[in-house]
Amino acid sequence: MRRRLATFLHRHAGVRLSLLLSAPMAWLGLAYLGALAALLVTAFWSTDTFTGNLVRTFTWANFEDLVTGEVYRTIALRSLGVAAAVTLIDLVVAFPMAFAMAKLASPRAQRWLVIAVLTPLWASYLVKAYAWRVLLSTGGILGWGYGLGATVLTLSYLWLPYMILPIYAGLERLPNSLLDAAGDLGARGWRTFRTVVWPLTFPAVAAGSIFTFSLSLGDYITVKIVGGRSQLIGNVVYDNIGAANNLPFAAAVATVPVVIMLVYLAAVRRTGALENL
Amino acid sequence: MRSTPRIAAAVAALALAAACGSTEPTGTAAPAPGVSGFTPPKIEALASLGAGEGQVNLVAWAGYVEDGSTDPKVDWVSEFESSTGCQVNTKTAGTSDEMVNLMKTGEYDAVSASGDASLRLIAAGTVAPVNTSLIPNYADVFSGLKDKPWNSVGGVSYGVPHGRGANLLMWRTDKVSPAPDSWGVVFDPASPYKGSVTAYDSPIYIADAAVYLMATKPELGIKNPYALDDKQFTAAVDLLKQQRGIIGEYWSDYTKEIQAFKAGDTVVGTTWQVIANLALADKAPVEVTLPKEGATGWSDTWMVAAAAKNPNCAYKWLDWIISPKANAQVAEWFGEAPSNAKSCAETADPKHCDTFHATDEEYFSKVYYWTTPIPQCLDGRTDVTCKDYAEWTRAWTEIKG
């Protein structure tokens, strides 16, 4: 029986492939895209303001509020700014670090450095955020107080490994001989970086930036802990579900980061970075 | 969701009909002020009490269900568990909105709902009427707390009163002087404590601004901080937008507020008595007062879920929490007035009931219990439409900017 099944599958490549793919495709289709579709559908409903129950009739009202409300534009732009700042800071910190790890450290040190970069990921997100709350508290070691700056700082810390690791992987694949060749041809450090290292590691940087950018864009907990009185898109979503019980409006707001990420991914794709990953 | 959309539609239709002035077909008892806008879905109360199910799942305010894990001396749950065999599982909620959402999941049997949650729960059919004859201790509850607009509809009781109190002003004694006696210290844009002021992170906080405006801007004519017409609402929202400039952070998680006061990041702001108690236990030099303008407050009700999986244990819990001893314990711990008249004899501090004005209706006339704002003005005005809770929520997002 088993043999016959094996023979059958061997002869029918199509059946084999579809059997292999069906589980991941079901996951992608149902759990991932299905959830997104449900989100989109919910965004067109409304809630009864008093009882808080869902009213399942089609309406554009949520998106109208979203577009016309000045406050949502401000919050969206603020979130975008935070995500961009976090990505930039992480890039500036991560690149030299990844370069040192990939090109300067001995193979033995390399292994330890990778572990060192990974260790913060073993601790809980909340513990790390609260640690920064204590550090930044006016009586704390840093004592800079809370606010948007504190949020950017904490998020940069939280997502740094997600930037270092792709760049490190990218630099590892960069042959040392290319650096030597650039040196032999008379290029100094900066020029080598600009004409050899950067173009070849750009796909890795783009991959890292997708992580840091999207993670920052969706975050609402860090800003609650160290953000003082500021709020980001995530908070509006959370408040509308958690406080106002307005799931449809929350769904409408949640489409904003989805759209921003689609635009971002399209922009990255245009640079050709995705093909070289 | 089950059949809730239909119920919602029915409620909405009835609300509309009532708003248009038609009389309710089944309205026998005079509708309570301000809540004539809706008829709750028909749900039967429990007729008789059976054996306990072995557990009960509660949604409660912090400090309402203590089993000794916060402080070994603070425990009124263990005795309940051993005497009834009902294991108590508690989910603490930070805001009324969170409570409403938790109850809608259908996972919980009972809830300690404030007035800004109770009516929404009743209207949505999330909670069932409570058969008070199955709750012996109900007889001893202050009559001033029974059959109120936030715990009954049309003479039908939807829960048992838990206790009441006021939202207070807390400050660090070492950083704030002179000791404040007015909410002005958290609303004045030129406050010397700029950047170290805190406020409650919920739309219902708009009412706190309205209470302040009642005293400082009488020309606005605010009678009830939960009944705000266009002009009054705009004034309150503007005040809060101005206040944002001096806010350090907003709080809804009470542990965050305790930590902020302890560290000194926050030196003045709104609080609950229980938070002050916990902060003092943490050696934070804080003090609280009821400011001269009056304050918002709460009068909480224990309600039973319509879809309760453990209704018998829920009823036993309702009876337990308003029993003289347990009610006295929770009132002292949370810092509020008990609901059971006999509790006043059971408190560790014999003056507790006087301190918290348990029988002082005059005092509570200065406390505006959390109530859900609805379009029909709660203060009885019929010539204007008031802002409903959805608009309060939206305004809150705008205030925080």
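Residues numbered from 1 in each chain as written. Chains lettered and ligands numbered in written order. Predicted model: local features only at pLDDT ≥ 70, side-chain atom pairs only at ≥ 80, totals over all residues. Heavy atoms only, no water.

## Section: the overall build of chain A
- Scanning chain A from terminus to terminus reveals twelve helices and two strands.
- Mapped in sequence order, the helices and strands of chain A form the string α-α-β-β-α-α-α-α-α-α-α-α-α-α.
- Against the compact-globule benchmark of 19 Å for 277 residues, chain A has a radius of gyration of 24 Å, which places it well outside the compact range.
- In terms of overall dimensions, chain A has C-alpha extents of about 75 × 75 × 35 Å along its principal axes.
- Counting all 277 residues of chain A, 42% fall into the buried class.
- Long-range contacts, defined as pairs at least 24 residues apart, comprise 67% of the intrachain contacts of chain A with a sequence gap of at least 6.
- Carbon and sulfur atoms form 69% of the exposed surface of chain A, whose accessible area is close to 15300 Å².
- Averaging the coordinates of the 21 positive side-chain charges in chain A and doing the same for the 11 negative ones gives two points 14 Å apart. (Helix = DSSP H or I, 4+ residues; strand = E, 2+ residues; numbered from the N terminus. Rg over C-alpha atoms; globule rule 2.2 N^0.38 Å. Buried < 20%, exposed > 50% of the residue type's maximum accessible area, 1.4 Å probe, protein only. Contact = heavy atoms within 4.5 Å. Areas by Shrake-Rupley, 256 points an atom, 1.4 Å probe, with all protein chains shown as cover. Lys, Arg positive; Asp, Glu negative; His and termini not counted. Charge placed at Lys NZ, Arg CZ, Asp CG, Glu CD.)

## Looking at the pattern of salt bridges
- Within the structure shown, the criterion is met by 14 salt bridges over all chains.
- Of the charged contacts, one joins Arg172 of chain B and Asp174 of chain B as a salt bridge, the two residues approaching to 2.9 Å between their closest N and O atoms.
- Where Asp379 of chain B meets Arg381 of chain B, a salt bridge forms, and the shortest distance between an N and an O atom there is 3.0 Å.
- The partly exposed category is assigned to Asp379 of chain B, whose relative accessible area is 24%.
- It is possible to trace a salt-bridge network through shared partners that takes in Lys224 and Asp239 of chain A together with Asp201 and Lys400 of chain B. (Salt bridge = Lys/Arg side-chain N within 4 Å of Asp/Glu carboxyl O.)

## What to know about the UniProt feature "transmembrane region" (unreviewed entry) in chain A
Residues and elements named next belong to chain A.
- Mapped onto this numbering, the UniProt entry gives "transmembrane region" (unreviewed entry) at residues 20-45, 75-100, 112-132, 144-165, 196-217 and 247-267.
- Between the first and last C-alpha atoms of residues 20-45 the distance is 38 Å; the span itself is 88% helix and 0% strand.
- Its end C-alpha atoms 31 Å apart, residues 196-217 is made of 100% helix and 0% strand. (UniProt positions renumbered as here; feature names shortened; annotations may be inferred.)

## Re the pairing of strand β7 (residues 160-166) of chain B
Residues and elements named next belong to chain B.
- The element β7 is largely enclosed, with a buried count of seven among its seven residues.
- By the bridge criterion, six bridges tie β7 to strand β13 (residues 295-305) in an arrangement that is antiparallel. What sits directly across from Gly165, in β13, is Trp298.
- Relative to strand β14 (residues 337-338), β7 runs antiparallel, the two sharing two bridges. Bridging across to β14, Gly163 finds its partner in Pro338. (Pairing = 2+ DSSP bridges.)

## Details of the state of the cysteines
All names here are of chain B.
- Under the criterion given, the structure shown has three disulfides over all chains.
- Through a disulfide, Cys86 is tied to Cys313; the S-S separation comes to 1.9 Å. Given an S-S torsion of about -80°, the disulfide between Cys86 and Cys313 has left-handed geometry. Pair noted here: Cys86 is in the loop between α2 (78-84) and β2 (87-93) and Cys313 is in helix α10 (residues 311-321), with a separation of 227 residues, a long-range link. When sorted by exposure, Cys86 lands in the same class as Cys313, which is buried.
- With its sulfur 2.0 Å from that of its partner, Cys344 forms a disulfide with Cys353. Its S-S torsion of approximately -90° makes the covalent link between Cys344 and Cys353 left-handed.
- Using a relative accessible area of 23% as the deciding quantity, one classes Cys344 as partly exposed.
- Exposure remark for Cys353: the relative accessible area of 8% places this residue in the buried category.
- In chain B, the bonded cysteines, taken in the order they occur along the sequence, pair up as 1-2, 3-4, 5-6. (Disulfide = S-S within 2.5 Å.)

## Considering the sheet that holds strand β12 (residues 286-289) of chain B
Residue and element names in this part refer to chain B.
- Pairing in this open sheet of five strands is mixed, and the strands run β10-β9-β11-β8-β12 from one edge to the other. Lying at the two open borders of the sheet, with one neighbouring strand each, are β10 (247-251) and β12. Adjacent strand axes in the sheet meet at a mean angle of 25° when their direction is disregarded.
- When strand β8 (residues 168-172) meets strand β11 (residues 268-271), the two strands line up antiparallel, connected through four bridges. Residue pairing in the sheet places Trp171 in a bridge with Val268 of β11. (Axes fitted to C-alpha atoms, helices over the stretch in contact; angles between N-to-C directions.)

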